[in-house]
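Structural overview for review
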Amino acid sequence: GRLLFLTTNHVDKLDPALVRPGRIDVRIRFEFATKDQIETFVKCFYLEEHCSPESFISVTDLIEAIPEDRVTIAQLQGFLMQYRMEPHDALNNVKLLLG
């Protein structure tokens, strides 16, 4: 068997023959992150056992500072990678994520 992945930003512009049943069996739409997704991702990114108590407070504040439906998980990951060991710095720079 084969798996084929198609991606587009304009589903409405695809030829109907391409996306008819039997050709495209599963559609997954990637949306902006919900608050639950943001919380889960940030907590996994900054595992509690690797953070000091002061840093973990920053993690909680960081979660609150990122609004729902504004960023994708990919954007969030790219942003957090810049502050891998410093959730406090991520919190101080969250405006860069929200642009």
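It should be noted that the structure appears before, not after, this text.
An account of the accompanying structure is given in this report.

The rules behind the values
- Residues numbered from 1 in each chain as written.
- Predicted model: local features only at pLDDT ≥ 70, side-chain atom pairs only at ≥ 80, totals over all residues.
- Heavy atoms only, no water.
- Salt bridge = Lys/Arg side-chain N within 4 Å of Asp/Glu carboxyl O.
- Buried < 20%, exposed > 50% of the residue type's maximum accessible area, 1.4 Å probe, protein only.
- Helix = DSSP H or I, 4+ residues; strand = E, 2+ residues; numbered from the N terminus.
- 1 Å grid on protein atoms, 1.4 Å probe; cavity = no way out; pocket = protein on both sides within 12 Å on 5 of 7 lines; lining within 4 Å.
- Points joined across faces, edges and corners; volume = space filled by probe spheres on them.
- Nonpolar A, V, L, I, M, F, W, Y, C, P; charged D, E, K, R; others polar.

1. Things to note about the pattern of salt bridges
Counted by the stated rule, this structure contains two salt bridges. Of the charged contacts in the structure, one is a salt bridge between R29 and E31, with a shortest N-O distance of 2.5 Å. Of the residues examined, E31 reaches a relative accessible area of 48% and is grouped as partly exposed. As a salt-bridge pair, K43 and E39 come within 2.8 Å of each other at their nearest N and O atoms. Remark: E39 and K43 occur in helix α1 (residues 35–45); sequence separation between them is four residues, near one turn of the helix. With relative accessibility at 37%, the residue K43 sits in the partly exposed group.

2. Remarks on the layout of surface pockets
As a volume, the largest pocket reaches approximately 940 Å³. In terms of lining residues, the largest pocket is bounded by 22 residues, among which L6, T7, V26, R27 and I28 are the most central. In terms of residue class, the lining of the largest pocket is built from twelve nonpolar, five polar and five charged.

3. Things to note about the environment of G99
Note on placement: G99 falls in the segment after α5 (94–98). Its relative accessible area of 95% is what places G99 among the exposed residues. When the C-alpha atoms of G99 and D89 are compared, they prove to be 16 Å apart, with ten residues separating the residues in sequence.

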